[in-house]
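Spelled out from the first residue to the last, the chains are:
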Amino acid sequence: MSLSKRLGKIMPAIVLSPSLAVVTLCVYGFMAYTALLSFTDSKMFARFDFVGWRQYGRLFESPRWIIAIENMAIFGTLYIVCATCLGLFIAILIDQRIRFEGVFRAVFLYPMALSFVVTGVIWQWLLNPGLGLEHMMRELGWTSFTFQWLIEPNRAIYTIVIAGVWQVTGFVMALFLAGLRGVDTEILRAARIDGAPIHKVYTRIIIPALRPAFLTVFVIEAHLAIKSYDLVVALTKGGPGVSTELPSTFMYSMTFTRNELAVGAASATVMLVTLASIIIPYLYSELRHEPTT
Amino acid sequence: MKMANLAINHINKSFGNLTVLKDIDIAIEDGEFLVLVGPSGCGKSTLLSIIAGLDDHTSGSITIDGKSVQGLEPKERDIAMVFQSYALYPAMTVEQNIGFSLEMSKMPKPERLERVGKVADLLQIRHLLKRRPGQLSGGQRQRVAMGRALVREPKIFLFDEPLSNLDAKLRVEMRTEIKKLHQRLGATIVYVTHDQIEAMTMATRIAVMKDGILQQFGTPEDIYDRPANVFVATFMGSPPMNLLPAVIVDGSQGLSIQGADAMLPVPFSAVTRAPQGKKVLLGIRPEWLSLASTSTYQPTLDLYVEVVEPTGPDIFVALRLGEREIMGRLPTGSRTRVGEKARFAVDLSKAVLFDAETGIAI
Ligand SMILES: Nc1ncnc2c1ncn2[C@@H]1O[C@H](COP(=O)(O)OP(=O)(O)O)[C@@H](O)[C@H]1O
Ligand SMILES: [Mg+2]
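Reading the values: rules and limits
Residues numbered from 1 in each chain as written. Chains lettered and ligands numbered in written order. Predicted model: local features only at pLDDT ≥ 70, side-chain atom pairs only at ≥ 80, totals over all residues. Heavy atoms only, no water. pLDDT = per-residue confidence, 0-100. Axes fitted to C-alpha atoms, helices over the stretch in contact; angles between N-to-C directions. Helix = DSSP H or I, 4+ residues; strand = E, 2+ residues; numbered from the N terminus. Parallel < 35°, antiparallel > 145°, perpendicular 65-115°, else oblique. Left-handed = near helix turned anticlockwise from the far one by under 90°. Contact = heavy atoms within 4.5 Å. Nonpolar A, V, L, I, M, F, W, Y, C, P; charged D, E, K, R; others polar. Pairing = 2+ DSSP bridges. Buried < 20%, exposed > 50% of the residue type's maximum accessible area, 1.4 Å probe, protein only. Phe/Tyr/Trp six-rings, centres within 6.5 Å; stacked < 30°, edge-to-face > 60°.

## Comments concerning the confidence of the model for chain B
Link 1 in the chain: When pLDDT is averaged along chain B, the result is 91; 99% of the residues meet or exceed 70.
Link 2 in the chain: Both scores are available for the predicted complex, with the pTM at 0.80 and the ipTM at 0.84.

Right under this line is the structure:
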């Protein structure tokens, strides 16, 4: 075998191996390391005195973690429901073959191009009573207008929902629009022949046909929700108090500012397992069989 | 079964400045099977959509049962349609698919299920009722699509190339089955296809179209034996009709075949209609040629046998006359050998003549 032929055979392996090594070490390696740490009593630095499930016990006894989980439930549910409904609604509107469709699509997609930090800052300004919406309404003459969700502990979590939904809706819209465009136009003609009114066409035929798109949207939203961190940091920094704490911000402060490395690792592991339990079945079903037409 | 006659009156249709249908004028009676046939892009589907009310036309009118359906929605026209892609609703079961139109017209559930069941029995798909379209084969989907049309018991059925996605064997089976259904139900059917065999085998009336213009409208026999022009002559029939350029000679009695040293009398249909010296095309279907026996009274041509293709019931022979190639179709058992020159009789009671310039039958 000639040298170049032999080289050609092993070339793919040579080219792939560095990234494979980096991914194995930096992603899976550190995941395993984090999981390992969660079973130790590490404080500020990693120590390998194993204490079993104790850190998980402490984690779930911590009121701050419970708040984080409750917030996650509120945020996650509202974020997924609102973004899905709104994204679908806008996609259906755009699917009516409107004029300047390209412009609208770009406008709605644009927020996704911004980083979470920028989104957070924008909404922090918009919702800041002294600067944004409230200020503007009062300037316009509605002097009794108040909108102080950002600084009300019971309401602050909803501001994160607003900002998060604002950012992701365009992307959800694009996914649904692709799905809608994939619906065979003959099906729509058949529905007209069958005498289905337009709302029935959507509720009975088109939306059920978008099942694969719904699944994709749900998985994307769910993982964005669970790992959302920067948005909270930029918008509320977890405050007022701990009222907008999420598991991710909890994990960060435990690990890096409260010297509770093991508790942080335990919370990270809980998040990982939650994420994995959503994504693995999805990947499994995607890779196993083609979506039925 | 409800039935209705259908009239397509001077329909024109343009998309912007592209004219797709030009002055289409067709009328059929109760219970007829009209096939619209023509090459793809000739406007068949567009015409069907106009009949269905899915598309608007630019001018003209459609009447069903003598009443104009101008401005009526598809569901108000009492028609049903089977689409080329079947267009089944993917998220519904077969039962829901078939029953959907009845559900939309608010028929009570027990009655609806009974109607769906009846249609399912007719099409032998009762065992598939709980499945979804994704779990069906092409042929089964096709039946469901037909069931969805049948269940409505409409005045007119519209079919848009319903068999073109099936494999050859299934296509032949379904062809027979649709024809049987037509005979059993006596329904009025408009059926679109680009396949001339489907058109010939199923239709009671054929409309041949090309580039949005109706070329000929008539019974399958009319179309096959007396094509109105060269396009119809070559589009319908496989192998297509042979066309031999010729000139009228002998005081309108004879044909001198161009590019070959051969003469034939003018076909019966064109006798006295073609002036001396006129350039024409002589149309001979492959089966209008036969091996001449010694006692034949028909005019003959001496042809050189180039290729012999037995197909089972027939033998196709590629023949040569001077520079012209001619296809012949002989019964199995005919004695012909490649390379020999044989004498063939031409059935001049059937042969047709076309004007060489306009392509129109003389
Ligand atoms: N919505 C449309 N806009 C513009 N042109 C169209 C449209 N639909 C069909 N056409 C044109 O009309 C012609 C006839 O189309 P169609 O009726 O689908 O042909 P067929 O069914 O005979 O193959 C084609 O040339 C096609 O390109
Ligand atoms: Mg077509």
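## Observations regarding the packing of helix H8 (residues 185–193) of chain A against helix H9 (residues 198–209) of chain A
All names here are of chain A.
Link 1 in the chain: Contact geometry for H8 and H9: axes closest at 11 Å, N-to-C directions at 140°. With respect to H9, the element H8 is oriented oblique. As H8 packs across H9, the resulting crossing turns out to be right-handed. From H8, Ile187, Leu188 and Ala191 reach across to H9, where they touch Val201, Ile205 and Ile206.
Link 2 in the chain: For the contact of H8 with H9, the residue count by class is 6 nonpolar, no polar and no charged.

## A word on the sheet that holds strand E11 (residues 242–249) of chain B
Residues and elements named next belong to chain B.
Link 1 in the chain: With antiparallel pairing, 5 strands are arranged side by side in an open sheet as E13-E12-E11-E14-E20. If you trace the sheet from one side to the other, it starts and ends with strand E13 (262–265) and strand E20 (352–355), each paired once. With strand direction ignored, the average angle separating the axes of adjacent strands in the sheet is 40°.
Link 2 in the chain: Two strands pair when backbone bridges link them, and E11 and strand E12 (residues 254–257) are joined in this way by 4 bridges, in the antiparallel orientation. Paired with valine 247 across the bridge in E12 is serine 256.

## What about unusual backbone geometry?
Residue and element names in this part refer to chain B.
Link 1 in the chain: The peptide bond linking serine 238 to proline 239 adopts the cis configuration, its omega dihedral lying at 0°.
Link 2 in the chain: Along the chain, proline 239 falls in the loop between helix H8 (230–235) and E11.
Link 3 in the chain: Of note, alanine 87 is a non-glycine position whose phi angle comes to about 50°, a positive value.
Link 4 in the chain: For alanine 87, the position within the fold is in the loop between strand E6 (79–82) and helix H2 (94–104).
Link 5 in the chain: One non-glycine residue with positive phi stands out, namely glutamate 161, at about 40°.
Link 6 in the chain: Mapped onto the secondary structure, glutamate 161 falls in the loop between strand E7 (156–160) and helix H5 (168–185).
Link 7 in the chain: Look at glutamate 161 and you get buried, because its relative accessible area is 9%.

## Quick look at the packing of aromatic side chains
For any pair of aromatic rings, the description rests on two quantities: the centre-to-centre distance and the angle between the ring planes.
Residues and elements named next belong to chain A.
Link 1 in the chain: By the definition in use, this model includes 18 aromatic pairs over all chains.
Link 2 in the chain: An angle of 55° between the planes, with centres 5.2 Å apart, marks the rings of tryptophan 53 and tyrosine 56 as tilted.
Link 3 in the chain: Consider the rings of phenylalanine 75 and tyrosine 79, whose centres lie 5.1 Å apart with planes at 25°: the pair is stacked. Note that phenylalanine 75 and tyrosine 79 are positioned in helix H3 (residues 63–94) at a spacing of 4 residues, about one turn of the helix. The pair phenylalanine 75 / tyrosine 79 is uniform in exposure class, with both members buried.

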